[in-house]
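# Structure assessment
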Amino acid sequence: MSLTALAMREDFPIFLRTVAEGKKLVYLDNGATSQKPLCVIESESNFYKLHNAAVHRGAHQLAQEATEAYESARAIVADFLTAPGGADEIIFTKSATESLNLLAYTMGNAPSGNRFALSVGDRIVVSEMEHHANLIPWQQLCARTGAELVWFGLTPEGRLDLSSIDDLISTRTKIVAITHQSNVLGTINPLDAIVDRAHKVGAVVVLDACQSVPHMAIDVTALDVDFLVFSGHKALGPTGIGILWGRMHLLDELPPFLFGGSMIENVTMTSATWAAVPAKFEAGVPNMAQAVGLGTALQYLSGIGMDNVHHHEIALTSYLLNELSRVPDIRIVGPTNTQSRGGTISFTIKDIHPHDVGQYLDSQGVVVRTGHHCAWPLARSLKAPASTRASLYIYNDEKDCDALVDAILGAQKYFGRL
Amino acid sequence: MKLDSLYQEVILDHYKHPQNKGLSEDFTAQVSHVNISCGDEITLNIRLTGDLISALRWDGQGCSISQASVSMLTDLLTGKTLEEAAVIVKSFSDLMASKGTSPGDPSILEDAVVFAGVSKFPGRVKCALLGWMAFKDVAIQAQGKK
């Protein structure tokens, strides 16, 4: 039986159009952003059409409806992540990048005596496979505070090298920031050993779940991490909305990030006190329609079932890895089996630069990402300064995988013509 | 096919057989430029004899467009004066900004008019310009050292 799409392509208006002079859109750039089902587009647009008002302000009916919609979305996110403290532990940001910067800046602002205060001798642990968004905020936090940045290296297969875990995560370690699933390799990282070790030495674990939340069931209680971030737009939701989840007692201890309206308890000309979490971290009128749209997106995913999403993607990944193995002169950058890996497959083709591969694929309607995928240190370490990445999602099927393989073979023919 | 206007045979030929590749030890100035969106890198060095460009050597990694473009640039500008080079650079930059509306001036650009097709692909204009931006930079630095 061939693998059919898990979601109805009809649910996604963009698949009604064609690309490259009339060709079917084969969208394999889900690692960058997902397409949006009509229900999400309508949910966002209906907020503006029917309920638009600034949330948490005003006594009028519209403000109450807007607030209700916005706070319902927060509750949906909390359920989706199985947040132990419920909706109050969910903070809306504009992106996962902002969520990570929120953590890095607030930790950097923590006064001495606060558990997050950093100084010379402290340590932050990351890995060599981090996206720039989960590397640079910590790298620069170290530069500001004098703390030391250390990192897990990789095995040749593209998995975390945990052999030195006890040295890396030491009693000096305050923060371990790690990706759940690599946006380049597809590797799903084993968290148990890292979380155990981090907690044993009193460090907190920050999980970059941008590439996992859209693709598998996530239970933050079971994962036992302390903070988790993801972006809405990779999970069928709108752009401009990101999530930070944290354990309530830790969010309580962090100082505020942005100052302004909505995040205060009381203000005088010379001082201010802060609202309770999550309002403490949501200064200004937030991206309300986008939060509501994300709520709808997560409900759509829940309707399919996240275990079904994961199984579909693993089956498709297995099929695609097998088909790609028949392409001559290909190198898969990352694990070549489906053990602890998701549906992100990066590869290089001998003698054809990824940018040229991507251009040819585009001429065939096959949409992929090329380049260093915002993980430059990883690209260097893999000796693949650029690669081509196909990333799968619920609306992809075997035919999409076949179209990719055909287009790669076509590119080899095209560029081999001289 | 539209793609053929991008991947002209002359371009692929320069990509497979790059000219003046390999840096020289004997140079007046040297620069490294990176295309931040894709990571393509070009290091270019220049030797000036008076106002004459007596050598242009380069090294780098990247796509066929960026690598062929710098290869052709070094062919085209070696032996020219800085003033003559500036005219050619201006003509190439204008061609890249033309969005497919200009065929390019072969009396100035010679073989480099084959890049006219690149200007129809906004995503690839930066690739074609990478070496040329590096040249502008290295020419200024070399003049400063005279």
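### Focus: the overall build of chain A
Looking only at helices and strands, one finds 13 helices and 17 strands in chain A. Here the C-alpha radius of gyration of chain A, 22 Å, is about what a compact globule of 418 residues would show, namely 22 Å. The principal-axis extent of the C-alpha atoms belonging to chain A is close to 75 × 55 × 35 Å. Every one of the 418 residues in chain A was classed for burial, and the buried ones make up 51%.

### Some thoughts on the sheet that holds strand β3 (residues 52–61) of chain B
All names here are of chain B. Taken in spatial order, the three strands make up an open sheet running β1-β2-β3, and their pairing is antiparallel. Each edge of the open sheet is held by one strand with a lone partner, namely β1 (29–34) and β3. Between one strand and the next, the sheet's axes are offset by a mean angle of 20°, whatever the strand orientation. Contacts from helix α3 (residues 64–77) reach β2 (41–49) and β3 within the one sheet, and its direction differs from that of β3 by about 165°.

### Considering the sheet that holds strand β16 (residues 369–371) of chain A
Residues and elements named next belong to chain A. The strand order β13-β14-β17-β16 describes an open sheet built from four strands, whose pairing is antiparallel. Among the strands making up the open sheet, the edge pair consists of β13 (330–333) and β16. Neighbour-to-neighbour, the strand axes of the sheet open up by a mean angle of 30°, direction not taken into account. Examined bridge by bridge, β13 and strand β14 (residues 344–349) share four bridges and lie antiparallel to one another.

### Examining helix α11 (residues 354–363) of chain A
Residues and elements named next belong to chain A. The element α11 is extensively covered by neighbouring structure, given that nine of its 10 residues are classed as buried. Of the residues making up α11, those classed as buried are Pro 354, His 355, Asp 356, Val 357, Gly 358, Gln 359, Tyr 360, Leu 361 and Ser 363. Downstream of α11 by a residue or two, Gly 365 has a phi angle that is positive, lying close to 85°.

### As for the interface of chain A and chain B
Of the residues lining the interface, 15 residues belong to chain A; the matching set on chain B comes to 16 residues. For the side of chain A that touches chain B, the secondary structure elements donating two or more residues are α11, β16 and α12 (376–381) of chain A. Top element by residues in the side of chain A that touches chain B is α11 of chain A. It accounts for five residues. Looking at the side of chain A that touches chain B residue by residue, the classes come out as seven nonpolar, seven polar and one charged.

### Some details on the pairing of strand β6 (residues 148–152) of chain A
Residues and elements named next belong to chain A. When strand β5 (residues 123–127) meets β6, the two strands line up parallel, connected through five bridges. Across the sheet, Val 125 pairs through a bridge with Val 150, a residue of β6. The handedness of the β5 to β6 crossover, carried by helix α4 (residues 136–145), is right-handed.

### A short note on the packing of helix α4 (residues 82–96) of chain B against helix α6 (residues 122–145) of chain B
Residue and element names in this part refer to chain B. Running from N to C, α4 and α6 point in directions that differ by 155°, and their axes come no closer than 11 Å. With respect to each other, α4 and α6 are oriented roughly antiparallel. Judged by the sense of rotation from one axis to the other, the crossing of α4 with α6 is left-handed. Touching Leu 82, Ala 85, Val 89, Phe 92, Ser 93 and Met 96 of α4 are Val 125, Ala 128, Leu 129, Trp 132, Phe 135, Lys 136, Ala 139 and Gln 143, all from α6.

### A few points about unusual backbone geometry
All names here are of chain A. Residue Pro 278 follows Val 277 across a cis peptide bond; omega there is 5°. Structurally, Pro 278 can be placed in the loop between β12 (272–274) and α9 (288–304). One non-glycine residue, Ser 340, adopts positive backbone phi at about 50°. Structurally, the position occupied by Ser 340 is in the loop between β13 and β14. Under the C-beta neighbour-count criterion, Ser 340 is labelled partly exposed, with 13 such atoms within 10 Å.

### Description of the environment of Lys 90 of chain B
Residues and elements named next belong to chain B. Considering the arrangement of structural elements, one finds Lys 90 in helix α4. We classify Lys 90 as exposed; it has 12 C-beta atoms within 10 Å. For the pair Lys 90 and Trp 132, spaced 42 residues apart in sequence, the C-alpha to C-alpha distance is 9.7 Å.

### Comments concerning the pairing of β5 of chain A
Of all five residues that make up β5 of chain A, five are buried, and the element is covered over most of its length. Residue alternation in β5 of chain A divides its side chains into two sets, Arg 123, Val 125 and Ser 127 of chain A and Ile 124 and Val 126 of chain A, and both sets are buried.

### Focus: the domain arrangement of chain A
Residue and element names in this part refer to chain A. Each assigned domain of chain A is listed here: domain 1 (9–30 + 305–415) and domain 2 (41–302). In this complex, domain 1 contributes 23 residues to the contact, which on the side of domain 2 involves 23 residues. At the level of secondary structure, the elements contributing two or more residues to the side of domain 1 that touches domain 2 comprise α10 (306–324), β14 and α12. Residue contributions to the side of domain 1 that touches domain 2 peak at five residues, all from α10. Grouping the amino acids of the side of domain 1 that touches domain 2 by side-chain chemistry returns 10 nonpolar, nine polar and four charged.

### Description of the environment of Leu 25 of chain A
Residue and element names in this part refer to chain A. Within the secondary structure, Leu 25 is located in the loop between β2 (23–24) and β3 (26–27). For Leu 25, a count of 18 C-beta atoms within 10 Å puts it in the partly exposed group. Separated by 76 residues in the primary sequence, Leu 25 and Asn 101 have C-alpha atoms spaced 35 Å apart. Discounting residues that sit within four places of it in the chain, Leu 25 has contacts with Ile 14, Phe 15, Arg 17, Thr 18, Val 19, Gly 365 and Val 367.

### Describing the nonpolar core
Nonpolar side chains tend toward joint burial in soluble globular proteins. Val 176, Phe 227 and Leu 228 of chain A are the most contacted members of the largest nonpolar core, which has 122 residues in total. If we skip the residues at most four places from it in the chain, Val 176 of chain A touches Val 125, Ile 169, Ile 194, Ala 198, Ala 203 and Val 205 of chain A. Core analysis: the second largest hydrophobic core is formed by 41 residues, Leu 6, Ile 11, Trp 58 and Leu 76 of chain B among them.

### Observations concerning helix α1 (residues 38–51) of chain A
All names here are of chain A. The end-to-end C-alpha separation of α1 is 19 Å, in line with the 20 Å expected for 14 residues at 1.5 Å each. Of all the bends in α1, the greatest measures close to 30° and is centred on Ser 45. For α1, the complete set of buried residues consists of Val 40, Ser 43, Glu 44, Phe 47 and His 51. Buried residues along α1 sit in contact with α2 (61–81) and α9.

Cut-offs and rules
- Residues numbered from 1 in each chain as written.
- Chains lettered and ligands numbered in written order.
- Predicted model: local features only at pLDDT ≥ 70, side-chain atom pairs only at ≥ 80, totals over all residues.
- Helix = DSSP H or I, 4+ residues; strand = E, 2+ residues; numbered from the N terminus.
- Rg over C-alpha atoms; globule rule 2.2 N^0.38 Å.
- Buried ≥ 20, exposed ≤ 12 C-beta atoms within 10 Å, placed from the backbone.
- Pairing = 2+ DSSP bridges.
- Axes fitted to C-alpha atoms, helices over the stretch in contact; angles between N-to-C directions.
- Contact = placed C-beta atoms within 7 Å.
- Nonpolar A, V, L, I, M, F, W, Y, C, P; charged D, E, K, R; others polar.
- Right-handed = clockwise from strand over helix to strand, strands pointing away.
- Parallel < 35°, antiparallel > 145°, perpendicular 65-115°, else oblique.
- Left-handed = near helix turned anticlockwise from the far one by under 90°.
- Domains from an automatic or database assignment.
- Core = buried A, V, L, I, M, F, W, Y, C linked by C-beta atoms within 7 Å.
- Expected span 1.5 Å × (residues − 1).
- Bend = angle between axes of the 7 residues up to and from the residue.

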